[in-house]
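Summary of structural features
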Amino acid sequence: MTDKKLSGWLIASDIDGTLNDKHRRLPKRNFDAIQKFVYDYGGHFILSSGRSIESMRKHFNKLGLNSGYAVFINGAGVYDYSNEKILWMSPVNEKVTQIIKKAAKKFCLATVQIITPYEARIVKPTLSAYILAKTSMLPIKYFKNIDELQTGDWCKAIFTGFPFVISRVEKFAKENSDVTTNLMRTSPFSFELVNEGTNKGVAVMKVAEILGIEKEKTAAIGDYFNDYEMLKAVGLPACCGQAPQGMKKIAKLVTCHCNKGAVADLIEYIIKNYCK
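Figured I'd write up the structure that's included with this text. Nothing here was measured: the structure is a model prediction, and the numbers come from that model.

Regarding the side chain of Ser48
- Counting through the fold element by element, Ser48 comes out in strand β2 (residues 44–48).
- According to the relative accessible area criterion, Ser48 is buried, its value standing at 0%.
- Residue contacts for Ser48: discarding those within four places in its chain leaves Ala12, Ser13, Asp14, Ile15, Met56, Val71, Lys200, Val204 and Met230.

Pasting the structure below:
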């Protein structure tokens, strides 16, 4: 047992392809390292994901974390599972809302899914959009036209479809927006928009502010470009061994492949180098 020497540290971890392996299983090495970091060393460990509040809940419960905080929907908000409430949220503003609406009307072959904290709203539903919404574990509502949707609580919009259609959606969104951090190509078949200036990095630092943790003692680990801003924001950025080269360039630590326990590598590095 230690004397909680890392109580001033915060680690934020992506889930898919980072905390979990490529088969979406939690490596025992990661679990053991997180328990050690939290309970022996007093550190704070949070999840930071594109997932919804409900979709992240099982991962939170599995880890048995002492902190109830998690960054949901790619930084659109911070949720406190201990008290079951949203602590902070950055809903899509009017400007981004109009970009989403124009793109939905212009690209009729794309399906649009609007994610809110508590439900998914799908315009022109397809099987792939339905499956994607179900994985978020949110109640689903269907609409024929995007103008039918209530606004003000949108966390993000997901456009899905054939790669050539999604490429056109991405180009249109970039041409109509003066920022790039709110535009994310998450796969060949999907493209996401969140509020201007909203990303995992902003939300993770909100958690650090709540906990009173200095930037120098914040760390984050991810595996793909939707984690880019999170890594840029923290004091100790790390990425998994399978991450693209662009992610490795900004990381201070490149860990093993996620299948082998990437999060454990980061924790062991912090214990070795910062627990004096």
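Some points on empty space enclosed by the protein
- For the structure on display, the rule yields 1 cavity of 30 Å³ or more.
- The space that makes up the largest cavity amounts to roughly 40 Å³.
- Contributing to the lining of the largest cavity are Leu19, Asn20, Arg24, Leu26, His59, Lys62 and Leu63.
- Broken down by element, the lining of the largest cavity gets its largest block of residues, 3 residues, from helix α3 (residues 53–63).

So, the pairing of strand β10 (residues 183–187)
- Summarising the sheet, β10 and strand β11 (residues 190–194) pair through 4 bridges and their orientation is antiparallel. By the bridge assignment for β11, Met184 is matched with Glu192.
- Where β10 folds back on β11, the antiparallel hairpin that results is connected by 2 residues.

Basis of the calculations
Here the residue index of a chain counts from 1 through its sequence in written order. In view of the model being predicted, local features appear only for residues whose pLDDT reaches at least 70, and side-chain atom pairs are presented and counted only at 80 or more, with totals across whole chains, interfaces and linings using the full set of residues. For side-chain calculations, the full set of non-hydrogen atoms in the structure is used, while hydrogens and water are omitted. Under the DSSP-based scheme used, a helix requires at least four consecutive residues in state H or I and a strand at least two consecutive residues in state E, with every element numbered from the N terminus. Relative accessible area decides the class of each residue, using a 1.4 Å probe on protein chains only: under 20% of the type maximum gives buried, over 50% gives exposed, and in between gives partly exposed. Between two residues, a contact is recorded if the distance between any of their heavy atoms is within 4.5 Å. With a 1 Å grid spanning the protein atoms alone, the term cavity applies to any set of points in which a 1.4 Å probe fits but cannot get out, the term pocket to an open set with protein on both sides within 12 Å along at least five of seven lines, and the term lining residue to any residue with an atom within 4 Å of a point. Grid points are joined across faces, edges and corners, and a volume is the space filled by probe spheres set on the points. Strand pairing is defined by DSSP finding a minimum of two bridges between the two strands.

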